[in-house]
Structure formats: structure tokens, C-alpha cells
Amino acid sequence: SANLNLKRYKEAIRFFKKSLILQQDLKNEHEIAGIYENIGIIYSKINQLDTALIYLNKALTIARKLKAMPFIQEILSNIPDIRARSNNNYKKAYLAQLKNAQLKDSLINDSMTRQIVEMQTKYETNQKEQKIKDEEHINRQKSMELNISVIALIIIIFLSWFLLNNYRQKNRTQFELVKKTEELN
């Protein structure tokens with residue numbers, strides 16, 4: 001069973017190395033780093049710890065170049081166990097674990113900061129939208145009041161014109177009646 005597992009791991013390493021060549025031809029840095037990490041993990045499972053560290057460090061170098069913080073943290077999480085198993089180097093393992101914890105805290109802080117900024121932006125956007133809605137409502141009210149005032153003014157002008165015409169008509173009629181009455185007398 002142990003020989004079968006060893007055979008499968010070596011087969012996996014061959015597969016990853018072929019894949020590595022393809023990704024290098026494509027210059028796909030992120031995939032190259034992932035393949036290096038996978039090869040490093042496999043070497044750690046078959047207790048070739050120095051080789052595992054070489055591949056994990058290659059992955060880490062590329063991940064740092066890409067500034068892929070979650071990926072860096074993932075790679076760093078594999079290193080302390082390998083260092084501890086390699087020549088019982090617990091000090092290096094502890095330092096690697098400490099660095100990994102600091103990076104994880106940094107990622108959490110960055111994530112929290114992004115979430116707070118996002119929430120603040122949403123809140124401010126909602127506030128501005130509500131202010132715009134309130135202003136639109138006030139503008140509609142003012143517009144309606146203005147329309148009512150204009151209509152009322154038109155009605156008043158029309159009534160005034162009508163009453164004035166009616167008054168003039170009465171005066172004319174009365175004047176004509178007085179004139180006819182004088183003519184008759």
C-alpha cells in the first residue's frame with residue numbers, strides 16, 4: 001500500500017511537471033505558482049522535505065510578485081509543518097507560523113476595512129438617494145402649488161374681465177336708456 005501511494009505521488013509529480021512546462025510556455029504566473037505549491041505539498045507527503053521547501057519557496061516568490069495575498073497565506077501555511085519535520089527545526093517552523101499568522105491578520109484587517117468602506121459607501125449612497133427623493137417631492141409640491149396659483153390667477157383675471165364687461169354692458173344699457181328717455185321727453 002505504501003509503495004502504491006508512493007507510485008501515485010510520483011505519477012502526480014510527473015503530471016504536474018508536464019503541466020508546469022505548458023503553463024510556463026503560456027507565461028501563466030498564477031498557475032505556475034499553484035503547480036509549484038502542489039509539487040511542494042506532494043514532496044512533503046513523501047518526506048522529501050528539502051525539495052518540498054524548494055518548490056514552496058518558488059511558489060511563494062511568484063505569489064509575492066503577483067501580490068496575491070490569500071495565495072501567499074495559503075503557501076505559508078504549508079511551510080511550518082515541513083520545517084518542523086525537516087531536521088527538527090522548530091525555531092524556523094515557529095517563525096514561519098508566526099509570519100503566517102501575521103499575514104492572516106493583515107488579510108482579515110484588509111477585508112474588514114474593505115467591508116467597512118463598502119458599507120459606508122452604501123450608507124452614503126442611500127442617504128443621497130433619500131435626499132434626492134425628498135428634494136424631488138418638495139419640488140413636485142412647489143410645482144403643484146405654482147400650478148394652482150397660476151390657475152387661480154387665471155380664474156380671477158377671467159372673472160374680473162367678465163365682471164368688468166358685465167358692468168360696462170350695464171352702464172351702456174343704462175346710458176342708452178337714459179338717452180332714449182331724454183329723447184322721449
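This text goes with the structure placed above it.
The rules we used
- Throughout, residues of each chain are indexed from 1 in the direction in which the sequence is written.
- Two thresholds apply to this predicted model, a pLDDT of at least 70 for residue-level local features and 80 or more for giving and counting side-chain atom pairs, whereas whole-chain, interface and lining totals are computed over all residues.
- Derived side-chain values reflect all non-hydrogen atoms in the structure, with water molecules and hydrogen atoms excluded from consideration.
- Helix and strand assignments follow DSSP, with helices taken as H or I runs no shorter than four residues and strands as E runs no shorter than two, numbered in order from the N terminus.
- For the exposure calls, accessible area comes from a 1.4 Å probe over protein chains only, and a residue counts as buried if that area is under 20% of its type's maximum, exposed if over 50%, partly exposed in between.
- It only takes one pair of heavy atoms within 4.5 Å for two residues to be counted as in contact.
- Only the protein chains shown count as covering a residue, and every accessible area follows the Shrake-Rupley method with a 1.4 Å probe.
- Throughout this description, the term nonpolar core refers to a set of buried Ala, Val, Leu, Ile, Met, Phe, Trp, Tyr and Cys residues connected via side-chain atoms within 4.5 Å.
- Here an angle of 0 to 180 degrees is reported between the N-to-C directions of two axes, which are lines fitted to C-alpha atoms, with helices fitted over the stretch in contact.
- In this scheme, roughly parallel covers angles under 35 degrees and roughly antiparallel covers those over 145, while 65 to 115 is roughly perpendicular and the rest are oblique.
- By convention, the crossing between two helices is left-handed when the near helix turns anticlockwise from the far helix through less than a right angle, and right-handed when the turn is clockwise.
- Residue polarity is assigned by list, with Asp, Glu, Lys and Arg as charged and Ala, Val, Leu, Ile, Met, Phe, Trp, Tyr, Cys and Pro as nonpolar; anything else, Gly included, falls into the polar class.
- Side-chain rings of Phe, Tyr and Trp, where Trp is taken by its six-membered ring, are said to pair if the distance between their centres is within 6.5 Å; with planes under 30 degrees apart they count as stacked, over 60 as edge-to-face, and otherwise as tilted.
- The residues that make up patches have over 30% relative accessible area and no salt bridge, and they are joined within 9 Å when like-charged or within 5 Å when they are Val, Leu, Ile, Met, Phe, Trp or Tyr.
- A side-chain nitrogen of Lys or Arg and a carboxyl oxygen of Asp or Glu constitute a salt bridge if their distance falls within 4 Å.
- Residues scored as charged are limited to Lys and Arg (positive) and Asp and Glu (negative), so that His and the chain ends carry no count.
- Charged side chains are reduced to one point each, which is NZ for Lys, CZ for Arg, CG for Asp and CD for Glu.
- Given the number of residues in a helix, its expected span is that number minus one, multiplied by 1.5 Å.

**A word on the overall build of the protein chain**
So, point 1. Looking only at helices and strands, the protein chain has five helices and zero strands in total.
So, point 2. Reading the helices (α) and strands (β) of the protein chain from amino to carboxyl end gives α-α-α-α-α.
So, point 3. Considering the protein chain as a whole, with its 185 residues, one finds that 23% of them fall into the buried category.
So, point 4. Residue pairs at least 24 apart in sequence account for 50% of intrachain contacts in the protein chain once pairs closer than 6 positions are excluded.
So, point 5. When the accessible surface of the protein chain is split by element, carbon and sulfur atoms take 57% of a total near 14,600 Å².

**Description of the nonpolar core**
So, point 1. Core analysis: the largest hydrophobic core is formed by 27 residues, its most contacted members being Y36, Y43 and I75.
So, point 2. Of all the secondary-structure elements, those providing two or more residues to this core are α1 (2-26), α2 (29-45), α3 (49-66) and α4 (69-85).
So, point 3. Broken down by element, this core gets its largest block of residues, nine residues, from α3.
So, point 4. Those residues in contact with I75 that sit more than four places away from it in its chain are E37, L56, A59, L60 and A63.

**Structural notes on the packing of α2 against α3**
So, point 1. Contact geometry for α2 and α3: axes closest at 7 Å, N-to-C directions at 160°. One element, α2, and the other, α3, form an angle in the roughly antiparallel class. Crossing hand, α2 versus α3: left-handed. Only L49, T51, A52, Y55, L56, K58, A59, I62, A63, K65 and L66 of α3 make contact with α2, whose side of the interface consists of E29, H30, I32, A33, Y36, E37, I39, G40, Y43 and S44.
So, point 2. Residues belonging to the contact of α2 with α3 are distributed by class as follows: 13 nonpolar, four polar and four charged.

**Focus on the packing of aromatic side chains**
So, point 1. All chains considered together, the criterion is met by four aromatic pairs.
So, point 2. Taken together, a centroid distance of 5.9 Å and an interplanar angle of 45° make the contact between Y36 and Y55 tilted. Taken together, the residues span a long stretch of sequence, with Y36 in helix α2 and Y55 in helix α3 at a distance of 19 residues.
So, point 3. Overall, the relative accessible area of 10% leaves Y36 in the buried class.
So, point 4. Both rings, one in Y43 and one in Y55, keep their centres 5.6 Å apart while their planes meet at 20°; by these two values the pair is stacked. Of this pair, Y43 sits in helix α2 while Y55 sits in helix α3, and the two are 12 residues apart along the sequence.
So, point 5. Residue Y43 is classed as buried on the basis of its relative accessible area of 9%.

**A few points about a positive patch on the surface**
So, point 1. Taken together, the side chains of K7, K10, R14 and K18 define a basic patch exposed on the protein surface.
So, point 2. In this fold, R14 is placed in helix α1.

**Structural notes on α2**
So, point 1. The terminal C-alpha atoms of α2, which comprises 17 residues, lie 25 Å apart, in line with the 24 Å expected from a rise of 1.5 Å per residue.
So, point 2. For α2, the set of buried residues is I32, A33, G34, I35, Y36, E37, I39, G40, I42, Y43 and S44.
So, point 3. Directly after α2, the chain includes N47, whose backbone phi takes a positive value near 60°.

**Looking at the packing of α2 against α4**
So, point 1. Between α2 and α4, the shortest axis-to-axis distance is 11 Å and the interhelical angle comes to 20°. When the axes of α2 and α4 are compared, the pair comes out roughly parallel. As α2 packs across α4, the resulting crossing turns out to be left-handed. Touching H30, A33, G34, E37, I41 and S44 of α2 are F71, E74, I75, N78, I82 and R85, all from α4.

**Some points on a nonpolar patch on the surface**
So, point 1. On the surface, a cluster of nonpolar side chains totalling about 760 Å² of accessible area is made up of I151, I155, F158, L159, W161, F162 and L163.
So, point 2. Inspection of the secondary structure puts I155 in helix α5 (residues 90-184).
So, point 3. Judged by relative accessible area, I155 falls into the partly exposed class, the value being 46%.

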